[in-house]
Amino acid sequence: QVQLVESGGGLVQFGGSLRLSCAASGSAFRLYTMGWYRQPPGKQRELVATITSGDSTNYANSVKGRFTISRDNAKNTVYLQMNSLKPEDTAVYYCKADLPPYVEVWGQGTLVTVSS
């Protein structure tokens, strides 16, 4: 059973930066498409960014140019570098692994709060 553990959330001021990490258990991490999602207060969960096993990336329009997703297969870890943070980026951020062919595994989430 794959487990995901996020870290790196916290309180940051408008315009600041944070880096989220998601560490995965198991030995097949390099095969997974990994993603970051977020759920703002009172809203539905939404896609932030994904990265495939071949390092292809995809971003939500709202974070393009500010956030960068990356992965380190040697460390079984996916990262989300968040720059130029805005109050509307405040949310619980979740890591997700897509295990082929159809299994999804979610982390427990980490809270990011951006103050204005």
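Attention here is on the structure that accompanies the text. Remember, predicted model here, so these are calculated numbers, not experimental data. (Residues numbered from 1 in each chain as written. Predicted model: local features only at pLDDT ≥ 70, side-chain atom pairs only at ≥ 80, totals over all residues. Heavy atoms only, no water.)

## A word on the sheet that holds strand β3 (residues 18-24)
In step 1: The four strands are arranged β1-β3-β8-β7 in an open sheet whose pairing can be described as antiparallel. Only two strands of the sheet have a single neighbouring strand rather than two, namely β1 (4-7) and β7 (67-72). Taken over all neighbouring pairs, the strand axes of this sheet differ in orientation by 15° on average, direction set aside. (Pairing = 2+ DSSP bridges. Helix = DSSP H or I, 4+ residues; strand = E, 2+ residues; numbered from the N terminus. Axes fitted to C-alpha atoms, helices over the stretch in contact; angles between N-to-C directions.)

## Describing unusual backbone geometry
In step 1: A cis amide bond links proline 100 with the next residue in sequence, proline 101, at an omega value of 0°.
In step 2: Tracing the backbone shows proline 101 in the loop between β9 (91-99) and β10 (103-106).
In step 3: In the Ramachandran plot, asparagine 76 falls in the positive-phi region, its phi being about 55° despite a non-glycine side chain.
In step 4: Structurally, asparagine 76 can be placed in the loop between β7 and β8 (77-82).
In step 5: Residue classification places asparagine 76 among the buried residues on the basis of a relative accessible area of 16%.
In step 6: In this structure, serine 84 is a non-glycine residue whose phi angle is positive, near 50°.
In step 7: Turning to its location among the elements, serine 84 is positioned in the loop between β8 and β9. (Buried < 20%, exposed > 50% of the residue type's maximum accessible area, 1.4 Å probe, protein only.)

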